[in-house]
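Letter by letter, the chains look like this.
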Amino acid sequence: MNKNFSAFNRSAILAGMAEQELDLLVIGGGITGAGIALDASQRGMRVGLLEQNDFGSGTSSRSTKLIHGGLRYLKQGDVKLVREVGRERAILHRNAPHLVIPAPMLLPIYKGGTYGYWTSSVGLYIYDWLAGVERKERRKMLNREETIRHEPLLKQDGLKGAGYYYEYRTDDARLTLDIMKTAWSQGAAIANYVQVTEFLYRDGKVAGVKAKDRRSGQTWEIRAKKVVNAAGPWVDNVRQLDGSLQGKRLFLTKGVHLVVEKEKLPVRQSVYFDTPDGRMVFVIPRGNITYIGTTDTAYKLDINQPRTTREDRDYLLRAVNAMFPQVKLEAKDVVSHWAGLRPLIYEEGKGPSELSRKDEIFLSESGLITIAGGKLTGFRKMAEKVVDLVAEQLVQMQGGSFPACRTDEIVISGGERLGHADYADCKQELLKKGVALGVEETIAREWVDTYGSNTLHIYERLEGTGSRVRKPSEEELLKAQLSYAIEAEMTVTAADFLRLRTGWTYFQVKKAEAKAETVIRLMGDALGWSEAERERERAEVRQLLETIYRLPENEAELAQALVMQNS
Ligand SMILES: Cc1cc2nc3c(=O)[nH]c(=O)nc-3n(C[C@H](O)[C@H](O)[C@H](O)COP(=O)(O)OP(=O)(O)OC[C@H]3O[C@@H](n4cnc5c(N)ncnc54)[C@H](O)[C@@H]3O)c2cc1C
């Protein structure tokens, strides 16, 4: 198989996949598909994965970006799940320390609110115990004065105190990508921009897929003993391709997040609070911005284009202004935002916020295995369940055996500690190396926070540019970053670099806008784009920025806009 997870290798990778029957083909390159590809390849299966857009472009780049400890499940009385999720969080922190970072969270308690002081105290205590939370991160209960000292911006009327505990922050798109890269290094064959359009059958059973390379237009037939549908919000569409959309179905709900400059909402730590309509909302500081989320409303429009509406925005602004009365956020303060679809499983008579976030496996008569629902946090366990099932079916078909899941021991790409026991020391070494190469400290820090130990591969690409007397220019820095993105992260469009590889359109939208033309020029030169292709890239980036700057009023207006766009 090809050595590099490179945009240049996509066709060769697909040719390799088509050459020989795979043990397992995974449809969908979100976190669920990535986790399955990693687990199955680690157990020695011949695995392929196809993603119709870019990796993580669906729900896996549009979440609240938290690796939860499962507090919500405690409220629902699901003790087993709290324990499992707590354990998963610790495993992910150990294996991906560059992307899964503990961050304190404040749960303010008000007279008449969802959580009472003593129930929160006992609840958080039990949660710490069940989830195996480390001593230094165990919950503290704060009285009213301590709470105000921690967060002076909070509404003080009716405030009784707060729970102070830890959640873990992540970058969902990067986590998905780094798991994908790890699966690749374990032998999985993976390609983006390849859409599964049909199934192939042998004796009435799924025996592979027809898929279209959306970049070259080429069609491929890929044969596989087992096919898993991990298409997130699209799983029912994929089941429909197989003619097996029966029984349980998905119910999609839309969740929106807003981004404001930090000075507009300068919270000192994350806050998880009640909204006037009884829902819960997060406010999360991150670098120079603070983000707010989320809404939870039934969604029936185009799955490919969930969008924030002014109604969604105003709902979140009202919630924040009610909780932080001095802040007075206005629509013009929103610098970016995103909308994602929760692939939940429909349950009769339940509203969006009441539906379970649990995952479930559906088995079609054709042999297609579908995994639906779930969370980022539980991806490894979901993958284990699916791959156990695939292993069992393969053994029934052909005999032999597969080892048990061992993904809890695999370091995720970028999480290597370079010989240090503690990741913090590794980070220091990486920063020092960057500064020695003439990289400005803020850029080196951004790279280390984004790429972890893979920053070294960007540094390698910089060597020979600057010198002791001349620091690398801004363009040389961007070129090194882009060369890594293309050659080692299979980045094929400028919009993907600006949104998914760097997170700039979410968290540094002005930078995304300012750099867009240079990104297109440098990527175009590297990938040999024609003038027409460069123009298409420009149009795609313009459209991405437009969805950030111009919001439809509500879902009805969005529906109209989508009809116009598609006609
Ligand atoms: C608003 C919101 C907030 C959330 N917050 C959190 C959180 O803080 N923590 C947490 O743990 N979880 C959170 N979640 C849940 C979590 O984000 C999802 O469970 C998870 O990302 C789903 O991943 P997935 O891989 O199943 O789906 P996706 O990421 O959507 O991946 C499915 C992929 O399949 C591809 N695909 C579809 N059809 C085809 C085809 N025919 N051929 C090839 N590819 C195809 C799609 O392009 C897509 O990339 C949140 C979800 C939402 C919506």
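Owing to the predicted nature of the structure, the values given are computational and were not obtained by experimental measurement.

(A) View of the packing of aromatic side chains. Summed over all chains, the structure comprises 17 aromatic pairs. With a centroid separation of 6.4 Å and an interplanar angle of 80 degrees, the aromatic rings of Tyr-164 and Tyr-166 are classed as edge-to-face. Accessibility expressed as a relative area gives 11% for Tyr-164, which makes it buried. Arranged with centres 5.6 Å apart and planes meeting at 85 degrees, the rings of Phe-497 and Trp-504 form a pair that is edge-to-face. Across the pair, Trp-504 and Phe-497 agree in class, each one buried. An aromatic cluster is built from Tyr-291, Trp-338, Tyr-506 and Phe-507, whose rings are joined through pairwise contacts. Directly above the ring of Tyr-110 sits Lys-155, whose terminal nitrogen or CZ lies 4.7 Å from the centroid. The ring of Tyr-193 is capped by Arg-215, whose NZ or CZ atom sits 5.6 Å from the centre of that ring.

(B) Here's a closer look at empty space enclosed by the protein. For the structure shown, the criterion picks out two cavities of 30 Å³ or more. Lining of the largest cavity is provided by Leu-38, Ile-91, Leu-92, Asn-95, Phe-379, Arg-380, Thr-407 and Ile-412. Residue assignment for the lining of the largest cavity shows that the elements contributing at least two residues are helix 4 (79-95) and helix 10 (379-398). Its residues assigned to classes, the lining of the largest cavity comprises five nonpolar, two polar and one charged. Empty space within the second largest cavity amounts to approximately 40 Å³. Lining of the second largest cavity is provided by Lys-65, Asp-171, Asp-172, Ala-173, Arg-499, Leu-500, Gly-503, Tyr-506 and Phe-507.

(C) Seen up close, the site of the ligand. The environment of the ligand is formed by 38 residues, the closest being Thr-32, Glu-51, Ser-60, Leu-66 and Thr-377. Between the ligand and Gln-52 there is a distance of 3.0 Å, counted from a nitrogen atom to a backbone nitrogen or oxygen. Between a nitrogen atom of the ligand and a main-chain N or O atom of Leu-66, the distance comes to 2.7 Å. Considering the ligand on its own, with 1,000 Å² of exposed area, one finds that the protein chains cover 97% of that surface. The residue makeup of the shell around the ligand, split by class, is 12 nonpolar, 21 polar and five charged.

(D) Geometry of the layout of surface pockets. In this model, the second largest pocket occupies a volume close to 1,100 Å³. Taken together, 40 residues line the second largest pocket, and the ones lying closest to its centre are Thr-442, Glu-446, Thr-450, Trp-504 and Gln-508. When residues of the lining of the second largest pocket are assigned to their parent elements, the largest contribution, seven residues, is made by helix 12 (residues 441-451).

Conventions used here
Residues numbered from 1 in each chain as written. Predicted model: local features only at pLDDT ≥ 70, side-chain atom pairs only at ≥ 80, totals over all residues. Heavy atoms only, no water. Phe/Tyr/Trp six-rings, centres within 6.5 Å; stacked < 30°, edge-to-face > 60°. Buried < 20%, exposed > 50% of the residue type's maximum accessible area, 1.4 Å probe, protein only. Lys NZ or Arg CZ within 6 Å of the ring centre and 35° of its normal. 1 Å grid on protein atoms, 1.4 Å probe; cavity = no way out; pocket = protein on both sides within 12 Å on 5 of 7 lines; lining within 4 Å. Points joined across faces, edges and corners; volume = space filled by probe spheres on them. Helix = DSSP H or I, 4+ residues; strand = E, 2+ residues; numbered from the N terminus. Nonpolar A, V, L, I, M, F, W, Y, C, P; charged D, E, K, R; others polar. Near = heavy atom within 4 Å. Polar contact = N/O pair within 3.5 Å; in protein donor to acceptor, adjacent residues only side chain to side chain. Areas by Shrake-Rupley, 256 points an atom, 1.4 Å probe, with all protein chains shown as cover.

All quantities given are derived from atomic positions and should not be read as evidence of function.
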